[in-house]
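Chains, contacts and geometry: an overview
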Amino acid sequence: MTTARDGSPRRRHTGNLSSDRLGALARAALAVAGPDAVLWAPRQAAQRWAWEPITSPDDLDPRTWRRMVNTRISPKGILLPQTQEVFSWQGRTPKIALDVPPPPQPAVILGLRPCDAVAFDRLDEALLVGEWPDVAYARARSRAVLVTFACESMSPECMCEAAGLSPTTPSGDLLVLPAGESLLLEALTAKGEAVLAELEGREPMPEAGSLVDARREELAGAAGHHAPGLAAGQDWTRLPPADPETVLAMFGMPGWEELARPCLSCGLCAFVCPTCHCFALTDEPRGDTGRRVRTWDSCGLTDFMRAAGGHDPRPAKAQRMRQRFLHKLVYHRAAHGSLMCTGCGRCAAGCPAGLHIATAAKMLLAAAEQVAQDALSGCAAPGRPQEDPQ
Amino acid sequence: MAITSGGAGTKSAFQPRIVAFCCNWCSYAGADLAGTTRMSYPATVRIIRVPCSGRIHPRYVLRALERGADGVLIAGCHPGDCHYSTGNYYTRRRLLLAQRLLTHLGFDQGRLWIRWISGSEGAKFADTIRDMSASLQVLGPNRKGRDQRA
Amino acid sequence: MPDAGQPVGYPAEVLRDLQQLVRDCARSLLEQGEVGMVIGHRAAAPYGRGVPAFVTEPGEAGQLMVGPQCQVGIGKYLLDQTRATRGRVAVIGRGCDILAARRLIADNRVAPDQVLLLWVPCAGRAVPEAMAKGGAVARHCLQCDVRLPEPGQDGIEIIGAHLAGALASASLVGEGCLEATAPRIAPAGPGADNAGDAGYERWSGWFEHCLRCYACRATCPACNCDICVLESRSPQWVERSTALPQQFMFHFIRAMDVAGRCVNCGECERACPAGIPLMDLQQLVAADITELFGVERPHVPGEHEPLGIFDARDPDPERPARTSGGGALS
């Protein structure tokens, strides 16, 4: 018995598949997702890995694939597209007809890293909770099948450990642990179990519980075998999100100006990130018809907060950078309980100016530590609020 | 799906849509003259009057193609005769480069025409539109960079 | 793990001497109050890659570094740092950085008396993907013609002139290093890869992956407007959607606005997360400018930018084209 990801007890469902049967695994996932499902997997072009729709599952070559650490751009766009039509209209007031786009084809996302699979959980926290769930994302998410591949190698940009995760964190619907010539599988949800059941109907697949456990331990140990990145030794879960004094101290840190100096205020970090989800709404009129679209936006861009009339509460890039990092590491956790950054490292790898979230995290951890020490030694910081700010 | 430019549209079915940017002082007057002297040229041209051909940024060309034009004409005064002295010299450099850039991006050659038409050259205006229309009929409707809803 | 400090194409002692010269120069400038800030590079994790350094205290000058790991172009920082700094701002940079700074000056975005430019010789930037394996010089750098400082330029001092010779003869791709990065499609002339339906397919394929993240614009020294046409809402020339016509519009407008002003630094392409070969487009335009208007080195900011002037004898669309290629005449 084991515990499912939703906390309920489950019988453990595992399998041992030969790695040259990757195509069969893809087909099984497609069968579970539905007849019109699309398979997405990382594909390499000119030394870059990117998520592409795969028309033929047998094209997947596990050997080239396992050389990949991760894609340069996150898979978020598969379920939360860069450009999404919200509705379209026809005619003019008062005889105006609205229409909504058809639901997307279900997606099988094969080859997710745990950082990316967990990122979808974070997106669920942001977009599916509360009175107004994001309808389009909900539809795409509910129909998706996520097959997560544990990491056998990491890069110095990888920071999942600082984010409280690991290369083998159970995430997605089905977890795959590559092991030599085998793929060790474990179902984590009902969908995952359905995939295994599909596979079992076609492939020899002995149970593999103890092999999974052993491989997981092996891979956890291998995680240390990469050049240490900036986040080495950091533990972002030590940032206390809900303590007002600490948050104020982090907000008021003098180091933001210096940190943000190299920033060029582009949107790359937010766009490659697997959890960023801010958007802009614009209308595209075409005579008597038109549509409203939602597109990705970034809090780093200069006009992100600019309001009608020209007022902008964050005109300086230091303010925008502060917002970005505090949201990722503090504010979201205060609202939903988990870090909004899963440590995939794409922002740090991709930033044209060489900025790194771990630099900010280091400063935040130091500020938090200072507040904690001050509290222990009994010295109050000047202006310390006596009660929770409302 | 490959976007192709080839294939002659059937003459009756396809009437190429042309957007013509005409400078107020020369080519627009020339177009006017073509009209008042009853010269005939295809009616599927939309004229946009600008003070000078130098006012044209190449993005207008691409925008026209995006929104359904099959061809774009930039018509200005003859070099040396610009009402603002030098405007069309800038036009010449800029639009020649724009033609090249469109070609580099794979757009069909023959979608962007640049002509110098004076206020007395009504015939040249009419001829240009006729020639453009005939040439575009062979080229076919523009699909590159085209907004599907336009 | 190979030693990330192993220089590519730089003899180790040359690198060391050059670096010391740079640090001494920066320290001296700050100590004497000649400048309020020195912009250069400093080492950062991982791989000790060179990221922008903004040195305001003489004691900090020791962090400055030179070498192939210096990825980021730093010239553009003059735009906001001159506004934020009392006193002049110095840039200690390579040819591409100096040209970027000159672009800002030529565009009247920074005043010449606000800046001090110091040019160091360069043997190329390393390719990030290859840095872990010993490094290889970016293909773009192999084509560079401003690796070695050119004397006699107003307002530009040269650091390490005596080392330029040693660098000039250094091979750009060190022994045992990887070949210069993955093959890019070489800038094609008219009628080749880029033209016609095949060319449109090719660019469509690239632009389909464009995220509209603005990284290209953000890193480009020629893109220095306070208000950018690409973000204009009224009128809205480019919609936010990533529909293919909008992608073409975005890149067409940017290419036209940068035409004749591109300094060939390659930052746009380096920054692009989707790997779009943006420099292909820019280099084609630069080649056109040379061919059509006789501008020998369009990437070097001159007194006037090519599209800001004209010649009465410029090629004319109504006269037959001088060359057989290109679409000079529709």
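Before any of the text, the structure's been laid out above.
Below or above, wherever it landed, is the structure these notes cover. (Residues numbered from 1 in each chain as written. Chains lettered and ligands numbered in written order. Predicted model: local features only at pLDDT ≥ 70, side-chain atom pairs only at ≥ 80, totals over all residues. Heavy atoms only, no water.)

For chain B, the helix and strand inventory stands at four helices and four strands. Each helix (α) and strand (β) of chain B, taken in turn from the N terminus, gives the series β-α-β-α-β-α-β-α. Expected size for 150 residues packed as a compact globule is a radius of gyration near 15 Å; at 15 Å, chain B falls within 12% of this value. Along the first, second and third principal axes, the C-alpha set of chain B runs to 45 × 35 × 20 Å. Out of the 150 residues in chain B, the part that is buried amounts to 57%. Counting only contacts in chain B whose residues sit at least 6 apart along the sequence, the fraction spanning at least 24 positions is 82%. Summed over its atoms, the accessible surface of chain B is roughly 5,900 Å², and 53% of this surface lies on carbon and sulfur atoms. (Helix = DSSP H or I, 4+ residues; strand = E, 2+ residues; numbered from the N terminus. Rg over C-alpha atoms; globule rule 2.2 N^0.38 Å. Buried < 20%, exposed > 50% of the residue type's maximum accessible area, 1.4 Å probe, protein only. Contact = heavy atoms within 4.5 Å. Areas by Shrake-Rupley, 256 points an atom, 1.4 Å probe, with all protein chains shown as cover.)

A few words now on the packing of helix α2 (residues 58-66) of chain B against helix α9 (residues 244-258) of chain C. Viewed as axis vectors pointing N to C, α2(B) and α9(C) meet at an angle of 165°, and their least axial separation amounts to 10 Å. Taken together, the axes of α2(B) and α9(C) are roughly antiparallel relative to one another. Crossing handedness for the pair α2(B) and α9(C): right-handed. Residues B:P58, B:R59, B:L62, B:R63 and B:E66 of α2(B) touch α9(C), and the partners they reach there are C:P245, C:Q246, C:F248, C:M249, C:F252, C:I253 and C:M256. Taken together, the residues of the contact of α2(B) with α9(C) break down into eight nonpolar, one polar and three charged. (Axes fitted to C-alpha atoms, helices over the stretch in contact; angles between N-to-C directions. Parallel < 35°, antiparallel > 145°, perpendicular 65-115°, else oblique. Left-handed = near helix turned anticlockwise from the far one by under 90°. Nonpolar A, V, L, I, M, F, W, Y, C, P; charged D, E, K, R; others polar.)

Another aspect to go through is the packing of helix α1 (residues 22-33) of chain A against helix α6 (residues 190-200) of chain A. All names here are of chain A. The geometry of α1 relative to α6 is characterised by a closest axis approach of 8 Å and an angle of 125° between their N-to-C directions. By the criterion of interaxial angle, the relationship of α1 to α6 is oblique. Crossing angle aside, the handedness with which α1 passes α6 is right-handed. Contact residues: A24, L25, A28, A29, A31 and V32 in α1; K191, A194, V195, E198 and L199 in α6. Split into classes, the residues belonging to the contact of α1 with α6 amount to nine nonpolar, no polar and two charged.

Moving on, we get to the interface of chain A and chain C. At the junction of the two partners, chain A supplies 41 residues and chain C supplies 39 residues. Summed over the three residues of chain A that lose the most area to chain C, namely A:R261, A:L264 and A:P352, the buried surface amounts to 16% of that side. A salt bridge links C:E239 to A:R286, with the shortest nitrogen-to-oxygen separation between them at 3.0 Å. On inspection of chain A and its partner chain C, the count reaches 16 residue pairs in polar contact (both at pLDDT 80 or more). Mapped by element, the contributors of at least two residues to the side of chain A that touches chain C are β5 (48-54), α10 (268-272), β12 (279-286) and β13 (289-296) of chain A. When grouped by side-chain class, the residues that make up the side of chain A that touches chain C number 19 nonpolar, nine polar and 13 charged. (Buried area = accessible area lost by both parts, 1.4 Å probe. Salt bridge = Lys/Arg side-chain N within 4 Å of Asp/Glu carboxyl O. Polar contact = N/O pair within 3.5 Å; in protein donor to acceptor, adjacent residues only side chain to side chain.)

For any pair of aromatic rings, the description consists of the separation of the ring centres together with the inter-plane angle of the planes. One pass over the full model with this rule turns up 15 aromatic pairs over all chains. Consider the rings of B:Y41 and B:F125, whose centres lie 5.4 Å apart with planes at 80°: the pair is edge-to-face. With B:Y41 in the loop between α1 (27-36) and β2 (45-50) and B:F125 in helix α4 (residues 122-139), the pair connects residues that are 84 residues apart, well separated along the chain. Residue classification places B:F125 among the buried positions, given a relative accessible area of 0%. Residues C:F207 and C:F248 carry aromatic rings whose centres are separated by 5.0 Å and whose planes lie at 90° to one another, so their mutual orientation is edge-to-face. Placement of the pair is C:F207 in helix α7 (residues 196-207) and C:F248 in helix α9, with a sequence separation of 41 residues. Judged on exposure class, the residue C:F207 and its partner C:F248 are both buried. Feature note: the residues B:F107, C:Y200, C:W203, C:F207 and C:F248 constitute an aromatic cluster, connected by ring pairs. In this structure, B:R59 packs its charged tip against the face of C:W237, placed 4.8 Å from the ring centre. It is B:R93 that lies over the ring of C:F293; its NZ or CZ is 4.3 Å from the centre. (Phe/Tyr/Trp six-rings, centres within 6.5 Å; stacked < 30°, edge-to-face > 60°. Lys NZ or Arg CZ within 6 Å of the ring centre and 35° of its normal.)

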